[in-house]
Amino acid sequence: DYDGQLYLAFLFLEYLVNDEMEGGAGYEYQFWDVGNRSGVTGETTPTTEFFDYETTKQTARGSMRYTFGGLTFSWLMEYFYKDQDRNRPGSFDQKWNVWRSKLTAEAAW
């Protein structure tokens, strides 16, 4: 009887600097409320106990895009913080601090 709810809020704004270049910035908030996510299994018995998890994830992102004729160069930079509260005896809560970046080049002809 796994039960999960995801709540998501997202905002992203872009600004056209000139005909070739644009930039943007955004923020995303996620909250996961999960019931009966995982259990404890014995060697000869089926799963007997289930535990709830709560996860909060916040992401900040910025982007730039430059277009020259049929070429487009894009760059995305993100930082996210994720906090997982595992209400399971003997387990530990998890936290992530992650920076990630993506650079792309596209050609159209």
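Reading guide: rules and limits
- The residue numbering used here restarts from 1 in each chain and proceeds along that chain's sequence as written.
- Local features in this predicted model are restricted to residues of pLDDT 70 or higher, and side-chain atom pairs are both shown and tallied only at a pLDDT of 80 or more, whereas totals for entire chains, interfaces and linings draw on every residue.
- As a rule here, side-chain values come from all non-hydrogen atoms in the structure, and water together with hydrogens is ignored.
- Here, patches come from residues exposed beyond 30% relative accessible area and free of salt bridges, joined within 9 Å for like charges and within 5 Å for nonpolar side chains (Val, Leu, Ile, Met, Phe, Trp, Tyr).
- Here the open area of atoms and residues is found with the Shrake-Rupley method and a 1.4 Å probe, where only the protein chains shown may cover a residue.
- In what follows, salt bridge is the name for a side-chain nitrogen of Lys or Arg lying within 4 Å of a carboxyl oxygen of Asp or Glu.
- Secondary structure elements are taken from DSSP: a helix is a run of H or I of four residues or more, a strand is a run of E of two residues or more, and numbering for both begins at the N terminus.
- Burial status follows relative accessibility: with a 1.4 Å probe on protein chains alone, a residue under 20% of its type maximum counts as buried, one over 50% as exposed, and anything between as partly exposed.

Colleague: Explain a nonpolar patch on the surface to me, and be specific about the residues and the numbers.
Modeller: Residues Tyr66, Phe68, Leu71 and Phe73 make up a contiguous nonpolar surface patch of about 390 Å² in total accessible area. The residue phenylalanine 68 is located in strand β3 (residues 49–68) in this model. Owing to a relative accessible area of 54%, phenylalanine 68 belongs among the exposed residues under this scheme.

Colleague: An account of the pattern of salt bridges is needed here, citing residue identities and associated values.
Modeller: Within the structure shown, the criterion is met by six salt bridges. Where glutamate 28 meets arginine 61, a salt bridge forms, and the shortest distance between an N and an O atom there is 3.1 Å. Of this pair, glutamate 28 sits in strand β2 (residues 21–40) while arginine 61 sits in strand β3; the two residues are 33 residues apart in sequence, bridging distant segments of the chain. The partner of aspartate 83 in a salt bridge is lysine 95, and the shortest N-O contact between them spans 2.9 Å. Residue aspartate 83 is found in strand β4 (residues 71–86), and its partner lysine 95 is found in strand β5 (residues 94–107); the two are separated by 12 residues along the sequence.

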